[in-house]
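What the coordinates show
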Amino acid sequence: MNTVTPLRYVVLRHEGVESPHFDLLFETAPGSDLSAWRSSEWPITEGAAFTPLRNHRRFYLTYEGDVSGGRGSVYRLHEGAHMIECDDEKQLRVTLETGQRLRLERGRK
């Protein structure tokens, strides 16, 4: 699936949890839920590891604050646009507005 229209993404810092981390959340179509991955680093460098997460609500494109259920808090570090190179059951490959390309492996369902 190739997308010509830029889609939105956001990077959130998730704190107040056992292992603070960064959540990378991507639209895969206009108005879609957000495909999500966890990373221990931001900005992303060569060889960075990503852990797939369940999809997140669009609410998180603009939300900052406490996460329900005592699951810490999030604040936005970066937001931007991306283009999809590939979106299938195995992976999401995107190019960020900076030109950086990411290959994000999906977890087994």
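Here is a short report on the structure shown in this document. This is a predicted model, so every value here is computed, not measured.

Criteria and cut-off values
- Residues numbered from 1 in each chain as written.
- Predicted model: local features only at pLDDT ≥ 70, side-chain atom pairs only at ≥ 80, totals over all residues.
- Heavy atoms only, no water.
- Helix = DSSP H or I, 4+ residues; strand = E, 2+ residues; numbered from the N terminus.
- Buried < 20%, exposed > 50% of the residue type's maximum accessible area, 1.4 Å probe, protein only.
- Contact = heavy atoms within 4.5 Å.
- Lys, Arg positive; Asp, Glu negative; His and termini not counted.
- Charge placed at Lys NZ, Arg CZ, Asp CG, Glu CD.
- Pairing = 2+ DSSP bridges.
- Polar contact = N/O pair within 3.5 Å; in protein donor to acceptor, adjacent residues only side chain to side chain.
- Core = buried A, V, L, I, M, F, W, Y, C linked by side-chain atoms within 4.5 Å.
- 1 Å grid on protein atoms, 1.4 Å probe; cavity = no way out; pocket = protein on both sides within 12 Å on 5 of 7 lines; lining within 4 Å.
- Points joined across faces, edges and corners; volume = space filled by probe spheres on them.

Some points on the overall build of the chain
- In terms of helices and strands, the chain carries zero helices and eight strands.
- Taken from N to C terminus, the helices and strands of the chain fall in the order β-β-β-β-β-β-β-β.
- Residues counted as buried form 36% of the 109 residues belonging to the chain.
- Nonlocal contacts in the chain, meaning residues at least 24 apart in sequence, comprise 44% of its contacts between residues at least 6 apart.
- Looking at the chain, you have 15 positive and 16 negative side-chain charges, and the mean spots of the two groups are 5 Å apart.

Points about the pairing of strand 6 (residues 73–87)
- Across nine bridges, the pairing between strand 1 (residues 7–15) and strand 6 is antiparallel. The residue bridging Val10 from the neighbouring strand is Glu79, located in strand 6.
- Across two bridges, strand 5 (residues 65–66) lies against strand 6 in antiparallel orientation. Looking across to strand 6, one finds that Asp66 is bridged to Ser73.

Overview of the side chain of His82
- Mapped onto the elements of the fold, His82 is located in strand 6.
- A polar atom in the side chain of His82 sits 3.0 Å from the backbone oxygen of Glu27.
- Apart from residues no more than four positions distant in its own chain, His82 is found in contact with Thr5, Pro6, Leu7, Arg8, Tyr9, Phe26, Glu27, Val94, Thr95 and Leu96.

Quick notes on the nonpolar core
- Among the nonpolar cores identified, the biggest contains 15 residues, and Leu24, Phe26, Leu92, Val94, Leu96, Leu102 and Leu104 are the most heavily contacted of them.
- Taken together, the elements giving at least two residues each to this core come down to strand 1, strand 2 (21–27), strand 7 (91–96) and strand 8 (101–105).
- In contact with Phe26, other than residues within four places in its own chain, are Arg8, Tyr9, Asp33, Leu34, Ser35, Trp37, His82, Leu92, Val94, Leu96, Leu102 and Leu104.

Digging into the layout of surface pockets
- As a volume, the largest pocket reaches approximately 330 Å³.
- What lines the largest pocket is a set of 17 residues, among which His14, Arg54, His56, Val67 and Arg71 lie closest to the centre.
- The set of elements that each furnish at least two residues to the lining of the largest pocket consists of strand 1, strand 2 and strand 4 (50–56).

Points about unusual backbone geometry
- Put simply, Trp42 and Pro43 share a cis peptide bond, and its omega is 0°.
- Along the chain, Pro43 turns up in the loop between strand 3 (34–39) and strand 4.

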